[in-house]
Amino acid sequence: QVQLVESGGGLVQPGGSLRLSCAASRSIFSIYVMGWYRQGPGNQRELVAAVTSNGDTTYVDSVKGRFTISRDNAKDTVYLQMSNLKPEDTGLYYCNDNLLTFPWGQGTQVTVSS
């Protein structure tokens with residue numbers, strides 16, 4: 001069973017940047033699609049970005065042009081580079097595959113506020 005550990009969150013002003021990391025406890029090379037999910041205050045968890053094993057990416061409209069997802073299979077890590085952050089990006093960020101196969105990690109909190 002893969003365990004996922006998210007990190008890199010924090011408090012940032014609007015327009016700022018953060019880079020999130022998701023470290024897996026075993027190889028993710030064979031996992032076709034990995035994604036970053038976000039749960040804002042009072043909202044359901046939503047998929048914001050996904051990356052396939054060959055590097056193809058998709059994004060929810062609200063983050064297109066601002067977020068970049070990537071993966072390093074050699075390091076069993078998935079990243080989310082977030083730029084031009086907005087208050088509505090505030091939330092707990094988690095990673096998982098696209099089928100939600102694995103137990104959720106503890107997430108990493110991102111707070112965008114002036």
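Please read all numbers here as calculations on a predicted model, not as lab measurements.

Reading guide: rules and limits
Residues numbered from 1 in each chain as written. Predicted model: local features only at pLDDT ≥ 70, side-chain atom pairs only at ≥ 80, totals over all residues. Heavy atoms only, no water. Buried < 20%, exposed > 50% of the residue type's maximum accessible area, 1.4 Å probe, protein only. Helix = DSSP H or I, 4+ residues; strand = E, 2+ residues; numbered from the N terminus. Pairing = 2+ DSSP bridges. Core = buried A, V, L, I, M, F, W, Y, C linked by side-chain atoms within 4.5 Å. Contact = heavy atoms within 4.5 Å. Axes fitted to C-alpha atoms, helices over the stretch in contact; angles between N-to-C directions.

Novice: I'd love a proper account of the pairing of strand β3 (residues 18–24), names of residues and values included.
Specialist: Extensive coverage of β3 is indicated by the burial of five of its seven residues. Examined bridge by bridge, strand β1 (residues 4–7) and β3 share four bridges and lie antiparallel to one another. Paired with Glu6 across the strands is Cys22, a residue of β3. Where β3 lies against strand β8 (residues 77–82), six bridges are found, and the strand directions are antiparallel. The residue of β8 that forms the bridge with Ser21 is Tyr79.

Novice: Account for the nonpolar core, with residues named and values stated.
Specialist: Counting 26 residues, the largest nonpolar core has Leu4, Trp36, Val78, Leu80, Met82 and Tyr93 as the members making the most contacts within it. For this core, the secondary-structure elements that each account for two or more residues are β3, β4 (33–39), β5 (46–52), β7 (67–72), β8, β9 (91–97) and β10 (108–112). When residues in this core are grouped by element, the largest group, four residues, is from β3. Every residue in contact with Met82, bar those within four places of it in the chain, is listed here: Gly16, Ser17, Leu18, Leu20, Arg66, Phe67, Tyr93 and Val110.

Novice: Tell me about the sheet that holds β9, and name the residues and values.
Specialist: Taken in spatial order, the six strands make up an open sheet running β2-β10-β9-β4-β5-β6, and their pairing is mixed. Edge strands, defined here as strands with exactly one partner in the open sheet, are β2 (10–12) and β6 (57–59). Here the strands of the sheet are splayed against their neighbours by 20° on average, with no regard to which way each runs. Relative to β10, β2 runs parallel, the two being bridged by three bridges. Each bridged residue has a counterpart across the sheet, and for Gly10 the counterpart in β10 is Val110.

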